[in-house]
Amino acid sequence: MSTVPGPQRSRARTGTLMAVGSMTCVQLGLALSVPLFTSIGALGAAWLRLAWAGVLLAAWVRPRPWRFPRRTLLAALILGVVTAGMTMLFMAAVARLPLGTASALEFLGPLGVAVARARGRRLLLWPALAGAGVLLLTQPWQGGANPAGIACALGAAGCWACYILLTQAVGDELAGLQGLAVSLPAAGVVATLVAAPAVIPALTPRLALAGLGLALLVPVVPFSLEMYALRRLSTAAFGTLMCLEPAIALIAGLIVLHQVPEGWSLTGIAFVVAAGIGAERTGARAAGERPEPDRPATAESRPATHTADIAARR
């Protein structure tokens, strides 16, 4: 019988559904981005999505960063840099490595967070099980090795780990999507500096409109869901749940592209689903729990619900 209280289990279920919804949006967005790759390349598609996402979220949320605590504003800006790095480095890795190899290397990021933040040896079972499942799904040993590609994939993994930790920290400090409305425009600026000069000459109104639609699928909706999910789940549980993404991609390939998975892939799906269920049942954050529970509570480190109350009285 589970020892997790009912309200916490309900928060965990809600957070899990949000995380799964985020991953589904990401996979659909990637599938619909394929035509853009042939026109403006992978980095160009990443830039177009990030740039539009920053504009859309800033216009919708209308953040007031000058009211943020300085430390929180800095964290949101760093989150934007990390988001841009995560997106573009993974695209660069895929250009040099087989997708399975790049995916397996990138998943070292959330798995590392899950292992580092798990409390108790028993909870380490879920990231270990998910890691085995990811290896079976992606089978990286079948691909070739490219040093630059490996470096890009490991860089994306490090950015993903930082993204998880920073998203939870910023989400705890700021109500609603205020933090994301600062981080995504920052990510758009970084991506613009890196990719836009080479892509703008090939940009057409049709491609720009396509990028606008894709920005809603990747990253506006999924990143918003992830910020809310990380208010309900521990970083260990969230990092483990992210390993469901290869399974979602494989199932989408079966349904949409009629790609029949091998026996090892089906075993991998079973492993990551079992790990996801285990993480959902044991990974709830207690009400008011902080990412760093040993940090003293201050006016700047209150939970998001308290921050919302303060903002409402201003």
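This text gives an overview of the structure that appears in the document. (Residues numbered from 1 in each chain as written. Predicted model: local features only at pLDDT ≥ 70, side-chain atom pairs only at ≥ 80, totals over all residues. Heavy atoms only, no water.)

By the definition in use, this model includes one aromatic pair. Aromatic pair Tyr163 and Phe223: ring centres 5.2 Å apart, planes at 45°, arrangement tilted. In this pair, Tyr163 is assigned in helix α6 (residues 147-173) and Phe223 in helix α8 (residues 205-229), connecting sequence segments 60 residues apart. Classification of Tyr163 as buried rests on a relative accessible area of 2%. (Phe/Tyr/Trp six-rings, centres within 6.5 Å; stacked < 30°, edge-to-face > 60°. Helix = DSSP H or I, 4+ residues; strand = E, 2+ residues; numbered from the N terminus. Buried < 20%, exposed > 50% of the residue type's maximum accessible area, 1.4 Å probe, protein only.)

Let us look at unusual backbone geometry. With an omega of 15°, the peptide bond running from Val218 to Pro219 counts as cis. Here Pro219 is to be found in helix α8. Unusually for a residue other than glycine, Arg62 sits at a positive phi of about 55°. Along the chain, Arg62 falls in the loop between α1 (6-61) and α2 (70-94). Residue classification places Arg62 among the exposed residues on the basis of a relative accessible area of 66%.

Another aspect to go through is the side chain of Arg231. Inspection of the secondary structure assignment puts Arg231 in the loop between α8 and α9 (235-241). No salt bridge forms around the buried Arg231; measuring N to O, its nearest opposite-charge neighbour Asp172 is 5.3 Å away. Side-chain polar atoms of Arg231 contact the backbone oxygen of Gly171, separated by 2.8 Å. (Lys, Arg positive; Asp, Glu negative; His and termini not counted. Salt bridge = Lys/Arg side-chain N within 4 Å of Asp/Glu carboxyl O. Polar contact = N/O pair within 3.5 Å; in protein donor to acceptor, adjacent residues only side chain to side chain.)

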